[in-house]
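Listed here are the chains, written in short residue letters.
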Amino acid sequence: MIKTKSYVISKFVVMEAYKRVKANKGASGVDDESLETFEAKLKGNLYKLWNRMSSGSYFPPPVKRVEIDKKTGCKRLLGIPTVTDRIAQMVVKMNLEPKLEPKFHSDSYGYRPGKSALDAVGKARERCWRYNWVIDLDIKGFFDNLNHDLLKRALEKHWPEKWEMLYIDRWLKAPIQLEDGSLVERDKGTPQGGVISPLLANLYLHYTLDEWLRKYFPDNPSERYADDSIVHCKTESEAISLLVSLKERVQQCGLVLHPDKTKIVYCKDADRLGNYPVTKFDFLGYTFRARRSKNKYGKHFINFTPAISNEAKKSIRQEMRNWKVHLRSDKSLQDLSKMFNPVLRGWYQYYGRFYKSELYTVYRHFNRTLSRWAMRKYKKLKGHKRQAEYRLGRIAKDNPRLFYHWQLGLKPATGQ
């Protein structure tokens, strides 16, 4: 008699899930097993996972709790699954995502194929020109407070397979392991850091916000990236009324709007009169506020538009300090270019999309850091800041592609 599995799960899907997890890298979980260790017995480990998932006998281990610093100075709590569990979650995600993705709204941008944070910022910028008011929403502790029963009800609307629901239920209930080894049971929330969590979060907020707004407030467009959302309104009274309804709605769904961070914003520019207490907001690393801009005819005007936020600039400068470039006198300028150019390029590709001149100060900060490096590396330049800047300026003139921002015209000293 041939023994069959309880659930039909392809070995090919398990292998593909492993490849995607490997590409995403990530830290080890509670078992301290790294990707390299897992790969030492890759064939056996993948077979064991496939066998258990197919028979319904796979149970996820506890999720490792990790704290990371937020830009605001607070701590963000992440839940890190084991390598095996990340692969298992990827298997479910690969099967479930094609069913959910077509149902999501076009103005939901977070963790979705073909969409990005910059798409959300660009759409928000466009709508702020057409709508005078914005509701800046902040859901307090969203990932920690997501209601399990409501999430499963939302899942059932999309006909998931039995094994998908089985494992999602187990992941939702998997305990958190703290640094001291103690376990904390969970009856709500989904760990921020899990492979399946962003998809579940999008589904939850699809019904909590996106679909609800479409149904009851079709004239108020919004942009949402994960749990970061803004809603556009034409008048202040409309914004005040809608915010009351939004508070009631999220409470119905087991969530709470942050009382200090949620606010109504007036998109003030040259044509919008009146004095209001709040005329700017932050969204995905950008600050939206009135700025001096130039039109295609060269005429200046005041425009409500996004640019890199002060918090993002502060975070970038802190990362530059963490590089300790001035202590790397054993490295050549070419070595520093190879080490840091990908990051310098990445910052420009994200924060340079809108009102890029606001980003230039962080690159000038890096030029000053290079000057300190030159003064330590070359004895003749020790204590001579201007000479160090001038020497780097000459190098930048001859090698403008050495650092990404140099080719943008942001060169040290004489080249700047």
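Relevant structure appears above.
Remember, it's a predicted structure, so these values are computed and weren't measured experimentally. (Residues numbered from 1 in each chain as written. Predicted model: local features only at pLDDT ≥ 70, side-chain atom pairs only at ≥ 80, totals over all residues. Heavy atoms only, no water.)

## Things to note about the overall build of the chain
Alright, step 1. When you go through the chain residue by residue, the secondary structure sums to 14 helices and eleven strands.
Alright, step 2. For the chain, restricting intrachain contacts to residue pairs at least 6 apart in sequence, the fraction spanning at least 24 positions comes to 67%.
Alright, step 3. About 22200 Å² of surface is accessible on the chain, with carbon and sulfur atoms providing 49% of the total.
Alright, step 4. Within the chain, one finds 79 positive and 46 negative side-chain charges whose respective centroids are separated by 8 Å. (Helix = DSSP H or I, 4+ residues; strand = E, 2+ residues; numbered from the N terminus. Contact = heavy atoms within 4.5 Å. Areas by Shrake-Rupley, 256 points an atom, 1.4 Å probe, with all protein chains shown as cover. Lys, Arg positive; Asp, Glu negative; His and termini not counted. Charge placed at Lys NZ, Arg CZ, Asp CG, Glu CD.)

## Digging into the sheet that holds strand 9 (residues 281–283)
Within a sheet, neighbouring strands are paired by backbone hydrogen bonds and run either parallel or antiparallel to one another.
Alright, step 1. Sheet architecture is open: three strands sit in the order 9-10-11, paired in antiparallel fashion. The outermost strands of the open sheet, each flanked by one partner alone, are strand 9 and strand 11 (300–308). Across the sheet, the mean angle separating the axes of adjacent strands is 50° when strand polarity is ignored.
Alright, step 2. Summarising the sheet, strand 9 and strand 10 (residues 286–294) pair through three bridges and their orientation is antiparallel. Bridge assignment links Phe283 to a residue of strand 10, and that residue is Tyr286. (Pairing = 2+ DSSP bridges. Axes fitted to C-alpha atoms, helices over the stretch in contact; angles between N-to-C directions.)

## Comments concerning the environment of Lys299
Alright, step 1. With respect to the helices and strands, the residue Lys299 is situated in the loop between strand 10 and strand 11.
Alright, step 2. A relative accessible area of 59% means that Lys299 is categorised as exposed.
Alright, step 3. Excluding residues that lie within four positions of it along the chain, Lys299 makes contacts with Ser293 and Lys294. (Buried < 20%, exposed > 50% of the residue type's maximum accessible area, 1.4 Å probe, protein only.)

## Things to note about the packing of helix 9 (residues 197–216) against helix 10 (residues 236–252)
Alright, step 1. The contact between helix 9 and helix 10 brings their axes to 10 Å, and the two run at 145°. Between helix 9 and helix 10 lies a crossing of right-handed hand. Each of Tyr207, Thr208, Leu209, Trp212 and Leu213 in helix 9 lies in contact with helix 10, whose residues at this interface are Leu242, Ser245, Leu246, Arg249 and Val250.
Alright, step 2. Its residues placed into classes, the contact of helix 9 with helix 10 shows seven nonpolar, two polar and one charged. (Left-handed = near helix turned anticlockwise from the far one by under 90°. Nonpolar A, V, L, I, M, F, W, Y, C, P; charged D, E, K, R; others polar.)

## A closer look at the pairing of strand 10
Alright, step 1. Joining the antiparallel neighbours strand 9 and strand 10 is a turn of two residues, in which Leu284 adopts a positive phi near 55°.
Alright, step 2. Across nine bridges, strand 10 lies against strand 11 in antiparallel orientation. Bridge pairing links Lys294 to His300 in strand 11.
Alright, step 3. Linking two consecutive strands that pair antiparallel, namely strand 10 and strand 11, is a turn of five residues; a positive phi of about 85° is found at Gly298 within it.

## Some words on unusual backbone geometry
Alright, step 1. Positioned with a positive phi, Lys25 is a non-glycine residue whose angle comes to about 60°.
Alright, step 2. Its identity as a non-glycine residue notwithstanding, Trp159 has a phi of 55°, on the positive side.
Alright, step 3. Inspection of the secondary structure assignment puts Trp159 in the loop between helix 7 (148–156) and helix 8 (162–173).

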